[in-house]
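The residues making up each chain are set out below.
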Amino acid sequence: MKMQAEVIREGELEKRSDSLFQLWKKKLVVLTKDSLSLFPDGHKRAKGKELGFGSILFFFWEIDFRCPDQSCWNASITMALIDFQNKRAIQDFKSRQEMEQAAGTQERRLARAP
């Protein structure tokens, strides 16, 4: 069972479609610390599309959004992405550090062995 992430921001946003005419469609958007979820026609009842930050870091900027009321969604999304990247970098650094310490401990044990 997936736990619900804390919602940073929720509201309406317009997304450009991938179709030939590239029409703007209103979406209900839910921003969390790990993802951006898009729901068609402004209803959470409908099946939404979740864009996890771990998988969208490199191509996110190719997705066209616009804010109908100048609500600074772009800033909110950018800050959430930066926070996600920072946390991932810290986690990666700590993992590497732990692996290096474990390798160093193993080398010291082997050096002491007769």
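The name given to the protein chain in an unreviewed UniProt entry is Pleckstrin homology-like domain family A member 2, with Alaudala cheleensis as the source organism. In its Function (unreviewed entry) section, the UniProt record describing the protein chain reads: "Plays a role in regulating placenta growth. May act via its PH domain that competes with other PH domain-containing proteins, thereby preventing their binding to membrane lipids." Recorded in UniProt under Sequence similarities (unreviewed entry), the annotation for the protein chain is "Belongs to the PHLDA2 family."

**Thoughts on the overall build of the protein chain**
Helices and strands together make up the secondary structure of the protein chain, namely 2 helices and 5 strands. Secondary structure of the protein chain in N-to-C order comes out as β-β-β-β-α-β-α. Across the 114 residues in the protein chain, those meeting the buried criterion constitute 28%. In the protein chain, the proportion of contacts linking residues at least 24 apart, taken out of those at least 6 apart, comes to 43%.

**Thoughts on the sheet that holds strand E5 (residues 65-66)**
The sheet built from 5 strands is open, its strands ordered E4-E3-E2-E1-E5 with antiparallel pairing. Each edge of the open sheet is held by one strand with a lone partner, namely strand E4 (49-52) and E5.

**Re the nonpolar core**
Core analysis: the largest hydrophobic core is formed by 14 residues, its most contacted members being Leu-13, Val-29, Leu-31, Leu-36, Phe-53, Trp-73 and Ile-77. When residues of this core are traced back to their parent elements, those giving at least two are strand E2 (24-32), strand E3 (35-40) and helix H2 (73-112). Considering every element that reaches this core, the biggest residue donor is H2, with 5 residues. Ignoring anything within four residues of it in the chain, the contact list for Phe-53 reads Leu-31, Thr-32, Lys-33, Asp-34, Ser-35, Leu-36, Ala-80, Leu-81 and Phe-84.

**Here we look at a nonpolar patch on the surface**
On the surface, Leu-20, Phe-21 and Leu-23 cluster together to form a nonpolar patch covering roughly 410 Å² of accessible area. Tracing the backbone shows Leu-20 in the loop between strand E1 (7-16) and E2.

**Re the pairing of E2**
Sheet topology places E1 next to E2; 9 bridges connect them, and they run antiparallel. Opposite Glu-12, over in E2, you have Leu-28 as the bridge partner. Taken together, the 5 bridges between E2 and E3 define a ladder with antiparallel strand orientation. Across the sheet, residue Leu-28 finds its bridge partner in E3, namely Phe-39.

**Some details on the packing of aromatic side chains**
Evaluated as defined, the whole model comprises 1 aromatic pair. Consider the rings of Phe-53 and Phe-84, whose centres lie 5.8 Å apart with planes at 75 degrees: the pair is edge-to-face. Remark: Phe-84 occurs in helix H2 and Phe-53 occurs in helix H1 (residues 53-56); sequence separation between them is 31 residues.

**What to know about the environment of Ala-5**
Relative to the helices and strands, Ala-5 is located in the segment before E1. Taking the relative accessible area as the measure of exposure, Ala-5 reaches 29% and is therefore partly exposed. Separated by 26 residues in sequence, Ala-5 and Leu-31 have C-alpha atoms that sit 9.3 Å apart.

What counts and how
Residues numbered from 1 in each chain as written. Predicted model: local features only at pLDDT ≥ 70, side-chain atom pairs only at ≥ 80, totals over all residues. Heavy atoms only, no water. UniProt positions renumbered as here; feature names shortened; annotations may be inferred. Helix = DSSP H or I, 4+ residues; strand = E, 2+ residues; numbered from the N terminus. Buried < 20%, exposed > 50% of the residue type's maximum accessible area, 1.4 Å probe, protein only. Contact = heavy atoms within 4.5 Å. Pairing = 2+ DSSP bridges. Core = buried A, V, L, I, M, F, W, Y, C linked by side-chain atoms within 4.5 Å. Patch = residues over 30% accessible without salt bridge, like charges linked within 9 Å, V, L, I, M, F, W, Y side chains within 5 Å. Areas by Shrake-Rupley, 256 points an atom, 1.4 Å probe, with all protein chains shown as cover. Salt bridge = Lys/Arg side-chain N within 4 Å of Asp/Glu carboxyl O. Phe/Tyr/Trp six-rings, centres within 6.5 Å; stacked < 30°, edge-to-face > 60°.

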